[in-house]
Amino acid sequence: MAKLVREEDGLRVKVLGVSALVGIVLFAVLPFVLDDVSFGYSAAALALPLVCLGVLDLVLARSWFRLAVAVLISAVFCIIGWMFGAVVAMLLLGAYGIASVSDLIQRRWFITFMESAEHLGVRPERTRTDKLVSFMFDLPEDLDMRNMKVRGSIRRESIPWRQMALSSLPTLVVMLVVWIVAAAVMGPGWSLKGSILPVIVASMYAVAITMPLNAFFVMDARAEMSGRTIRLADGLTRTSYRLAIPAAIALVVVLLFGTVAALEVVIASAVFCVALRMIASMLYSMAGESRFVSDAYSEWTRTHPVDLCSGFDGRRSGKGLDDGVPGTPRRPADFALPGQK
């Protein structure tokens, strides 16, 4: 297990696994039990893991008001139609679940990916993780990344729209593939109502598995060397562009020969995906992001050297090294330079 995984994360993993099993069973059984339910409708059950995880996090945080509001709004939309209620529940409660899954994935893989990138150019034989990291972050084999650094604090004076857009590119790549498949299989007899739920559920998991990559943007993971700085986020952006452009062209071609319902599914799921990504990102930034950054920075700097004057600002006379940033190294009491204890 990765070093950032906490004991309390075990409960989330168990709930995720059990609810996933229940969701798969419901997806397979409901069309044979209920006459009016097809596999297109029963696909909503596959969103159960993310919804259940969202409910669990709200219960653990004792956020009863938020939970009540989300359930009430979903119930109101159920009066219009059960599908509307299901979609609203996926959006409101699923966003909490996606934020929780994102935190779990980051804690499991962030340090692993960082260490893989760090030793990419010096390892005698590349592992599967090395190959994945090299592809995702556009890192050549002979690049020396052994001076890897991360940011230890989050300082935002405004909403980072550019960072949000760039970090959403991997989600776009996955959704382009989903839309191509959906548009290709939809025949003339298909409708928006009967096809939208599977694509919406797919968009939920697309956001869940790609949102953790935002950590490399937030923490500014980089390798500093003479003359230049290699940022993992920049490499991820380049890879996303290379994959997104041909996929977008393929989607346009498929839609030109497809049905109107296929175009409607793409537009509706795109709106849902954007709203879900923004809500989940906002929820995570307000709850678990700062704690993850602190834990990841502390773990990384524990085994890696830091700058001699890390935490010291010479412009502030009399200010010590301890500036309150989580993970800042502490100097011993008998440190050689007076005034910097």
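Since the structure is predicted, the reported quantities are computational estimates derived from the model, not experimental observations. Chains are numbered independently. Their residues run from 1 in the order of the written sequence. For this predicted model, a pLDDT threshold of at least 70 governs which residues receive local features, and a threshold of 80 or more governs which side-chain atom pairs are given and counted, while totals over whole chains, interfaces and linings are taken from all residues. Heavy atoms throughout the structure, all of them, feed into the side-chain values; hydrogens and water do not.

## Some points on the side chain of Lys149
Convention followed: Each helix is a run of H or I in the DSSP string that is no shorter than four residues. Each strand is a run of E no shorter than two, and both are numbered from the N terminus. For each residue, the accessible area found with a 1.4 Å probe, counting protein chains only, is set against the maximum for its type, and the residue is called buried under 20%, exposed over 50%, and partly exposed in between.
Here Lys149 is to be found in strand β1 (residues 148-149). We classify Lys149 as buried; its relative accessible area is 17%.

## Concerning the environment of Val207
Quick reminder of the rule: We call two residues contacting when some pair of their heavy atoms lies within 4.5 Å.
Within the secondary structure layout, Val207 lies in helix α9 (residues 192-210). When its relative accessible area of 0% is taken as the criterion, Val207 is described as buried. A C-alpha to C-alpha distance of 7.9 Å links Val207 and Leu276, two positions 69 residues apart in sequence. Excluding anything up to four places from it in sequence, Val207 contacts Ile98, Thr171, Pro212, Cys273, Leu276 and Arg277.

## Overview of a nonpolar patch on the surface
Let me state the cut-off plainly: Exposure above 30% relative accessible area and the absence of a salt bridge qualify a residue for a patch, where like charges join within 9 Å and nonpolar side chains (Val, Leu, Ile, Met, Phe, Trp, Tyr) within 5 Å. Under the convention used here, a 1.4 Å probe and the Shrake-Rupley method define accessible areas, while residue burial counts only the protein chains that appear. In what follows, salt bridge is the name for a side-chain nitrogen of Lys or Arg lying within 4 Å of a carboxyl oxygen of Asp or Glu.
Side chains of Phe65, Val69, Leu72, Ile73, Val76, Phe77, Ile80 and Phe84 sit close together on the surface and give an oily, nonpolar patch of about 790 Å² of accessible area. For the nonpolar patch, the element with the most residues is helix α4 (residues 64-80), which contributes 7 residues. Turning to its location among the elements, Leu72 is positioned in helix α4.

## A closer look at helix α13 (residues 289-302)
Cut-off, in case you're wondering: Given a helix with a known number of residues, its expected span is that number minus one, times 1.5 Å.
Helix length check: α13, at 14 residues, gives a terminal C-alpha distance of 20 Å against a target of 20 Å (1.5 Å per residue), a fit within 8%. Three or more residues of α13 are buried, namely Glu289, Phe292, Val293, Ser294, Ala296, Tyr297, Glu299, Trp300 and Thr301.

## With respect to the nonpolar core
Heads up, the rule is: By convention a nonpolar core is built from buried Ala, Val, Leu, Ile, Met, Phe, Trp, Tyr and Cys residues, the set being connected through side-chain atoms within 4.5 Å.
In this structure, Met90, Phe110, Leu139 and Leu232 are the most contacted members of the largest nonpolar core, which totals 87 residues. Considering each element in turn, this core owes the most residues, 15 residues, to helix α5 (residues 82-118). Excluding its chain neighbours within four sequence positions, the residues that come into contact with Phe110 are Ile105, Val150, Ala215, Phe216, Met219, Phe292 and Ala296.

## Thoughts on the packing of aromatic side chains
Rule in force here: Working definition: rings of Phe, Tyr and Trp (its six-membered ring) pair if their centres are within 6.5 Å, and the pair is stacked with planes under 30 degrees apart, edge-to-face with planes over 60 apart, and tilted otherwise. The rule is short: NZ of Lys or CZ of Arg within 6 Å of the ring centre and within 35 degrees of the ring normal puts a charge over the ring.
Tallied over the entire structure, the rule returns 7 aromatic pairs. Relative to Phe113, the ring of Trp109 has its centre 5.9 Å away and its plane inclined at 45 degrees; by these criteria the two rings are tilted. In this pair, Trp109 and Phe113 both sit in helix α5, 4 residues apart, roughly one turn of the helix. On the basis of relative accessible area, Trp109 is assigned to the partly exposed category, the value being 35%. Overall, Phe113 belongs to the buried group, its relative accessible area being 11%. Here a set of aromatic residues connected by ring pairs shows up, and it is made of Phe110, Phe137, Phe216 and Phe292. The ring of Trp109 carries the charged tip of Arg108 above its face, separated from the ring centre by 4.3 Å.

## Notes on the packing of α5 against α13
Cut-off, in case you're wondering: Axis lines are fitted to C-alpha atoms, over the contacting stretch for helices. Their N-to-C directions set the angle, which ranges from 0 to 180 degrees. Roughly parallel refers to an angle under 35 degrees, roughly antiparallel to one over 145, roughly perpendicular to one between 65 and 115, and oblique to any angle outside these ranges. Put simply, a crossing is left-handed when the front helix is turned counterclockwise from the back one by less than a right angle, and right-handed when it is turned clockwise. The residue classification treats Ala, Val, Leu, Ile, Met, Phe, Trp, Tyr, Cys and Pro as nonpolar and Asp, Glu, Lys and Arg as charged. All others, Gly included, are polar.
Following both chains from N to C, one finds α5 and α13 inclined at 30 degrees, their axes separated by 11 Å at the closest point. Here α13 runs roughly parallel to α5, going by the angle between their axes. Pair α5 / α13 crosses with right-handed handedness. Note on element contacts: α13 touches α5 through Arg291, Phe292, Asp295, Ala296, Glu299 and Trp300, opposite Asp103, Gln106, Arg107, Phe110, Ile111, Met114, Glu115 and Glu118. The residue makeup of the contact of α5 with α13, split by class, is 6 nonpolar, 1 polar and 7 charged.

## Concerning the pairing of strand β3 (residues 228-231)
To keep it simple, the criterion reads: If DSSP finds at least two bridges between two strands, the strands pair.
Here strand β2 (residues 222-225) pairs with β3 via 4 bridges, running antiparallel. In the strand pairing of β3, Ala223 is matched with Ile230. Hairpin connection, β2 to β3: the antiparallel pair is bridged by 2 residues, and Gly227 has positive phi, about 90 degrees.

## Comments concerning the confidence of the model for the protein
For the record, the criterion: Confidence per residue, as judged by the predictor, is encoded in pLDDT with a range of 0 to 100.
On average, residues of the protein carry a pLDDT of 84, and 87% of them reach 70 or more. The weakest mean pLDDT in the protein belongs to β2 at 84; the strongest belongs to helix α3 (residues 48-60) at 94. In this model residues 308-323 is a low-confidence stretch, pLDDT under 50, and it forms 24 contacts with partners more than four residues away in sequence or in other chains.

## Some points on α5
Keep this limit in mind: The reported bend at a residue is simply the angle between two axes, fitted to the 7 residues ending at it and to the 7 residues beginning with it.
Between its terminal C-alpha atoms α5 stretches 50 Å, which fits the 54 Å expected from 37 residues at 1.5 Å a residue. Considering bend angle alone, the principal kink of α5 is centred on Gly94 and spans about 45 degrees.

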